[in-house]
Amino acid sequence: MKLYCLSGHPTLPCNVLKFKSTTIMLDCGLDMTSTLNFLPLPLVQSPRLSNLPGWSLKDGNAFLDKELKECSGHVFVDSVPEFCLPETELIDLSTVDVILISNYHCMMALPYITEHTGFTGTVYATEPTVQIGRLLMEELVNFIERVPKAQSASLWKNKDIQRLLPSPLKDAVEVSTWRRCYTMQEVNSALSKIQLVGYSQKIELFGAVQVTPLSSGYALGSSNWIIQSHYEKVSYVSGSSLLTTHPQPMDQASLKNSDVLVLTGLTQIPTANPDGMVGEFCSNLALTVRNGGNVLVPCYPSGVIYDLLECLYQYIDSAGLSSVPLYFISPVANSSLEFSQIFAEWLCHNKQSKVYLPEPPFPHAELIQTNKLKHYPSIHGDFSNDFRQPCVVFTGHPSLRFGDVVHFMELWGKSSLNTVIFTEPDFSYLEALAPYQPLAMKCIYCPIDTRLNFIQVSKLLKEVQPLHVVCPEQYTQPPPAQSHRMDLMIDCQPPAMSYRRAEVLALPFKRRYEKIEIMPEPPPRPAQPTSGKKRKRVSDDVPDCKVLKPLLSGSIPVEQFVQTLEKHGFSDIKVEDTAKGHIVLLQEAETLIQIEEDSTHIICDNDEMLRVRLRDLVLKFLQKF
Amino acid sequence: MPEIRVTPLGAGQDVGRSCILVSIAGKNVMLDCGMHMGFNDDRRFPDFSYITQNGRLTDFLDCVIISHFHLDHCGALPYFSEMVGYDGPIYMTHPTQAICPILLEDYRKIAVDKKGEANFFTSQMIKDCMKKVVAVHLHQTVQVDDELEIKAYYAGHVLGAAMFQIKVGSESVVYTGDYNMTPDRHLGAAWIDKCRPNLLITESTYATTIRDSKRCRERDFLKKVHETVERGGKVLIPVFALGRAQELCILLETFWERMNLKVPIYFSTGLTEKANHYYKLFIPWTNQKIRKTFVQRNMFEFKHIKAFDRAFADNPGPMVVFATPGMLHAGQSLQIFRKWAGNEKNMVIMPGYCVQGTVGHKILSGQRKLEMEGRQLEVKMQVEYMSFSAHADAKGIMQLVGQAEPESVLLVHGEAKKMEFLKQKIEQELRVNCYMPANGETVTLPTSPSIPVGISLGLLKREMAQGLLPEAKKPRLLHGTLIMKDSNFRLVSSEQALKELGLAEHQLRFTCRVHLHDTRKEQETALRVYSHLKSVLKDHCVQHLPDGSVTVESVLLQAAAPSEDPGTKVLLVSWTYQDEELGSFLTSLLKKGLPQAPS
């Protein structure tokens, strides 16, 4: 059993598990932090961005000035943004039988895998995962295709040139594998390979392995997976949450008794408390709006935004902000809001009971109905007519490199009245802001990551007690910036096995049993050869040595044995003691029986009748196995 | 002999009051808990005293499963759980759990408030009953206990309707509830995988009909509605709030849009509006088309269909009104009917089955003079019947049996005569045993459950080493020791069993003296023995060792000359108990002497 680790990003994993002759890919996350090295794609021509100076080497050599631009001391690639794909060379991906998806954030690399590697298998995911995953992909493709960029820079990627670049470009990893975004056609084709599954559904793979998704509590339809045969069990934990937000609670009990537990997708902000962050979010928002400023919330079109809207629903009236418009701008804003209302079965109990009334589970339905929340596909069109300030805008992309958010950064960045509030934890906010510097706008960092923190993990591991834990190497040491915080790492016994990108781990498995079925009927007499054994024999009498006789156990008490012999008509019996036991002599029959603690030896003439009689008497004292 | 037992308490050779008891591998499951529309006395509910006379139902039943929210499948549930007394789990899908209590409350109101029945279940009982419900997802494997598991499949029919697989070890039963095999305007078609149950219990409402295409019936329906409103008439469509009502609304809505009609369509308020809301929130349970387009246009948000006010009934001019209840036995539909019945321009369309005794049943059987509250009512309006109920027809039932591949089929929820026909068809065409028990009659099916056992890898590898690869589905003989511990079965090699039990092996060895007449030297005798055995035992490993002894597998043969007679050699043949067959064969072979040497 082996684990091939194709991604180095702990929250955007991509691993391949070889288990009992099946090849199973666990998630295919797409590392989008690579886009932070690129210049933003402005929706509206931006003189500032297009006039940035080209970058030149210290010696004044400016051959890269078309590809690289400088902004406030940082260097950016002026090109179509590119993403860091999972490793495609470590294992032949056309041999992957199935892909298991745990949540919609962890499937963004799917089109690269299913469309370009010869993959012919099936992808399994829950319905909300697929629907919302589709929305995320659609938005991404839309953001990138909406701003066609002629230039695709590649010169800087040359190893010899990259060495000469300033950080962070110099340290960017695997740049040769970076790829442009896929197309909608590839997305559709990839999604058509998905088979929908429900929580606790048992899916048989080739009769060898059974896989089961379990609720992980992190997002709508998010799952952990159990991969098991009859005697081995691997749990794959990815993006789980124990907080009560909108999704169904995490199923922990089913993770018990695992031989191996693969642990990925822990919180990226282990020191922040999501509840506190939400409070800060609200108060900063209120403060800005009261002062006449606008609030920009860079976000994904699904997930935490539902919770934020729910908080605002309760908060704005009490804060006296009910007249401040909330705008949600995304090509999939409408779909996301609609979809959130139809997945009753995947929601927490409270929201489920609302559907039973029947009422929409999320209060954003009411915000929309009362015109407090408005959604638009983009800043173009209706939005420009309706737009009122001060306001709150939710829009993507959280990397600040593409999407409508770029426009608002350019528009509002110059005024200190405005505030941008970062809630998504996937991108470093300082890096995200770099190409917008210098910036007058206030920046508030309230990352909301509801995934497990290290305290919750150690409690979980104590609870479910896996024999072995496997996790990304980042989790086995404290974060680099807080190297003294020994509590910010996984603590378990035996110590977790760690992996890094492009590594292959042999999982510590001891297979001992395999399942068979036995028939309730007694077997046919061994003397009659069973069908299917066609053998040509010189003599049909030659016994089949493949018919096994049982092993014997026990010992023979000499006195009782002699009595039994006498009872069966043997006379003239003599018993001699030896060092290890006894010898029973049947003088008349010229037969000698050596009896020791663990052995009996019958030595006689070639008299089959006699031998069989003696054998049966000996067997009476022994147990058969 | 293990067996599966099935006893219908209702729906045995009958439609209504579905309630079927299944015993499988020691587990007892009750499928559905319905009421009968045709009765107002004790026969209304299943006879639960059949299950147990004096014990608690909870002790006897492992679980109850409800297939969908129609009252003939869940109407007796509060009576069963709160008045007779059952505290175990009740399984149903989420939409069923949401809608079921509303219909039960509605039913209770009609029975108690309108008909004044006493000793009926109360609103509180409905609430308490629903607390015992556990909602299931489609395809989720629900572990009722360590052995019993159930799994729901999509059934179409109505929102949230499901078929259920009940499984214990390798034995299983599938219960279809009501289902349809063709997608309609709002729901998809039933689907099940090739799960090969021991028994498939299927409804058989339309056992003898192969229905004409749905399109034709829809066109017919639209034509009639259209013609009536064109000539200025009013159309009354009595419906039940959930199910067909939504399908017909979608049908009329799209037709109105296409034809750009302006005639008003009304839906009687209250429950029905609420009902549409359930459909909006449970979109994943509807058909593919609605699911795909719901973001752009939620099919259950009707533009042309407006809420009805009782004053509208007297408005002049044409209109279409959907009103509850569906059988014209009470309420708004009956009120409107009385107002409109006298005008021959108007039309009433009955889209479903009507129980005897209702006004719906009377007018459908041709009666045109009705007595109502002491007054004569002459029905001049046109009366039409349109079957829109979503049950599988004979073809659909055969199709489902083909999908699931059961060993046997059992028919419920249908009329005896029709069942007889379908039973023959299934037995002849699919070569599957088919049963159709009456209520209270038990069908017993013997089963041969498999016994799963963990085999140690060592033992398995030893078997493989013998060159015999396991063949799928073919039994084979294997020697090992079965260890049973904590209801866990393991098959291990005898050596491992001895080791695990801390026992030592006792070796039993035999040595026989075989006398041969041979004057040659011992070495040569041994050589002759060797070549003789080698020629006879072609499949065995026969070896001549340097010390002059011969081995056949692990049987050892040594030649020695007894001092007194040089013409005789004694051959000592020695083997263990485990090689007994071979040892015994060799001694008897050698007893016959050696073949004459060629020289």
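Residues numbered from 1 in each chain as written. Chains lettered and ligands numbered in written order. Predicted model: local features only at pLDDT ≥ 70, side-chain atom pairs only at ≥ 80, totals over all residues. Heavy atoms only, no water.

**Concerning the environment of L507 of chain A**
Residues and elements named next belong to chain A.
Okay, step 1: As for its position among the elements, L507 is in the loop between β24 (503-506) and β25 (513-518).
Okay, step 2: By relative accessible area, L507 is classed as buried at 7%.
Okay, step 3: Along the chain, L507 and L196 lie 311 residues apart, while their C-alpha atoms are 29 Å from each other.
Okay, step 4: Not counting residues up to four positions away in its chain, the partners in contact with L507 are M1, L3, L17, V260 and V470. (Helix = DSSP H or I, 4+ residues; strand = E, 2+ residues; numbered from the N terminus. Buried < 20%, exposed > 50% of the residue type's maximum accessible area, 1.4 Å probe, protein only. Contact = heavy atoms within 4.5 Å.)

**Notes on unusual backbone geometry**
Okay, step 1: Following S167 of chain A, the chain continues into P168 of chain A via a peptide bond in cis, with omega recorded as 0 degrees.
Okay, step 2: By the element assignment, P168 of chain A lies in the loop between α4 (159-162) and β9 (178-179).
Okay, step 3: Omega for the bond connecting Q389 of chain A with P390 of chain A falls within 30 degrees of zero, at -5 degrees, which places this linkage in the cis form.
Okay, step 4: Here P390 of chain A lies in the loop between α11 (382-386) and β19 (392-395).
Okay, step 5: Not every positive phi belongs to a glycine, and Q465 of chain A is a case in point at roughly 50 degrees.
Okay, step 6: Note that Q465 of chain A resides in the loop between α14 (454-464) and β22 (468-472).
Okay, step 7: Despite not being glycine, R17 of chain B shows a phi value in the positive range, around 55 degrees.
Okay, step 8: Inspection of the secondary structure puts R17 of chain B in the loop between β1 (3-10) and β2 (19-24).

**Description of the packing of helix α12 (residues 394-404) of chain B against helix α13 (residues 416-430) of chain B**
Residue and element names in this part refer to chain B.
Okay, step 1: Interaxial distance between α12 and α13 falls to 11 Å at its minimum, and their mutual angle equals 45 degrees. Put simply, α12 runs oblique to α13. Where α12 crosses over α13, the handedness of that crossing is right-handed. From α12, A394, I397, M398 and V401 reach across to α13, where they touch L422, K425, I426, E429 and L430. (Axes fitted to C-alpha atoms, helices over the stretch in contact; angles between N-to-C directions. Parallel < 35°, antiparallel > 145°, perpendicular 65-115°, else oblique. Left-handed = near helix turned anticlockwise from the far one by under 90°.)

**Digging into the confidence of the model for chain A**
Okay, step 1: When pLDDT is averaged along chain A, the result is 91, and 96% of the positions lie at 70 or above.
Okay, step 2: Segment residues 528-538 of chain A: pLDDT under 50, and 10 contacts once partners within four positions in sequence are set aside and those in other chains are kept. (pLDDT = per-residue confidence, 0-100.)

**A word on the nonpolar core**
Okay, step 1: Counting 252 residues, the largest nonpolar core has F394 of chain A together with I201 and F221 of chain B as the members making the most contacts within it.
Okay, step 2: Counting residues per element, this core draws most heavily on helix α3 (residues 127-146) of chain A, at nine residues.
Okay, step 3: Each residue touching I201 of chain B, except ones within four places of it in the same chain, is listed here: V6, I20, V22, L31, V173, V174, Y175, T176, L410 and V412 of chain B.
Okay, step 4: Counting 44 residues, the second-largest nonpolar core is a separate cluster that includes V562 of chain A together with V529, V550 and L557 of chain B. (Core = buried A, V, L, I, M, F, W, Y, C linked by side-chain atoms within 4.5 Å.)

**Considering the environment of D146 of chain B**
Residue and element names in this part refer to chain B.
Okay, step 1: Within the secondary structure, D146 is located in the loop between β7 (141-143) and β8 (148-154).
Okay, step 2: What makes D146 exposed here is its relative accessible area of 75%.
Okay, step 3: Separated by 151 residues in sequence, D146 and R297 place their C-alpha atoms 45 Å apart.

**Quick word on the sheet that holds strand β2 (residues 15-19) of chain A**
Residue and element names in this part refer to chain A.
Okay, step 1: As summarised here, the arrangement of the seven strands in space is β10-β8-β7-β3-β2-β1-β24, forming an open sheet in which the pairing is mixed. With partners counted over all chains shown, the strands left at the sheet margins are β10 (194-197) and β24, one partner each. For this sheet the average axis-to-axis angle between neighbouring strands, irrespective of direction, equals 25 degrees.
Okay, step 2: One ladder, built from four bridges, connects strand β1 (residues 2-5) with β2; its direction is antiparallel. (Pairing = 2+ DSSP bridges.)

**Let's talk about empty space enclosed by the protein**
Any empty space left between the atoms is revealed when a probe the size of a water molecule rolls over them.
All names here are of chain A.
Okay, step 1: In the structure shown here, the tally under the stated rule is four cavities of 30 Å³ or more.
Okay, step 2: Approximately 230 Å³ is the volume attributed to the largest cavity.
Okay, step 3: Residue lining of the largest cavity: 22 residues in total, with H105, Y218, G303, V304 and E424 positioned closest to the centre.
Okay, step 4: Its residues assigned to classes, the lining of the largest cavity shows eight nonpolar, nine polar and five charged.
Okay, step 5: If you add up the space inside the second largest cavity, you get close to 140 Å³.
Okay, step 6: Contributing to the lining of the second largest cavity are 15 residues, with M32, H105, M108, Y300 and H397 lying nearest its centre.
Okay, step 7: Among the residues making up the lining of the second largest cavity, the classes are represented as nine nonpolar, four polar and two charged. (1 Å grid on protein atoms, 1.4 Å probe; cavity = no way out; pocket = protein on both sides within 12 Å on 5 of 7 lines; lining within 4 Å. Points joined across faces, edges and corners; volume = space filled by probe spheres on them. Nonpolar A, V, L, I, M, F, W, Y, C, P; charged D, E, K, R; others polar.)

**Looking at the interface of chain B and chain A**
Okay, step 1: With 82 residues of chain B at the contact, the number on the chain A side is 75 residues.
Okay, step 2: Counting each side, the surface lost to burial between chain B and chain A is near 7100 Å², with a carbon and sulfur contribution of 60%.
Okay, step 3: Where chain B meets chain A, there are six salt bridges.
Okay, step 4: Its salt-bridge partner being R513 of chain B, residue D605 of chain A comes within 3.0 Å of it at the nearest N-O pair. (Buried area = accessible area lost by both parts, 1.4 Å probe. Salt bridge = Lys/Arg side-chain N within 4 Å of Asp/Glu carboxyl O.)

**Some words on the pattern of salt bridges**
All names here are of chain A.
Okay, step 1: Scanning the entire structure with this criterion turns up 49 salt bridges over all chains.
Okay, step 2: Across the pair D160 and R163 runs a salt bridge whose closest N-O atoms are separated by 3.6 Å.
Okay, step 3: Assessed through its relative accessible area of 58%, R163 is described here as exposed.
Okay, step 4: Across the salt bridge formed by D426 and R451, the nearest N and O atoms sit 3.9 Å from each other. You can see D426 sitting in the loop between β20 (419-422) and α13 (429-433) and its partner R451 sitting in the loop between β21 (442-445) and α14, a full 25 residues away along the chain.
Okay, step 5: Residue R451 is classed as buried on the basis of its relative accessible area of 7%.

**Examining the state of the cysteines**
Covalent bonding between the sulfur atoms of two cysteines defines a disulfide.
Residues and elements named next belong to chain B.
Okay, step 1: Applying the stated criterion across every chain, the model contains zero disulfides over all chains.
Okay, step 2: Unpaired in terms of disulfides, C19 finds its nearest cysteine sulfur in C33, a separation of 5.3 Å.
Okay, step 3: Residue classification places C19 among the buried positions, given a relative accessible area of 0%.
Okay, step 4: Here C129 is not cross-linked by a disulfide; its sulfur's nearest cysteine counterpart is in C100, at 7.1 Å. (Disulfide = S-S within 2.5 Å.)

**Topic: the packing of helix α6 (residues 214-230) of chain B against helix α7 (residues 244-259) of chain B**
Residue and element names in this part refer to chain B.
Okay, step 1: Their axes nearest at 11 Å, the elements α6 and α7 cross at an angle of 65 degrees. If you check the angle between α6 and α7, you find them roughly perpendicular. Pair α6 / α7 crosses with right-handed handedness. Across from K214, E218, F221, L222, V225 and H226 in α6, the residues of α7 making contact are R244, E247, L248, L251, L252, F255, W256 and M259.
Okay, step 2: For the contact of α6 with α7, a count of residues per class yields nine nonpolar, one polar and four charged.

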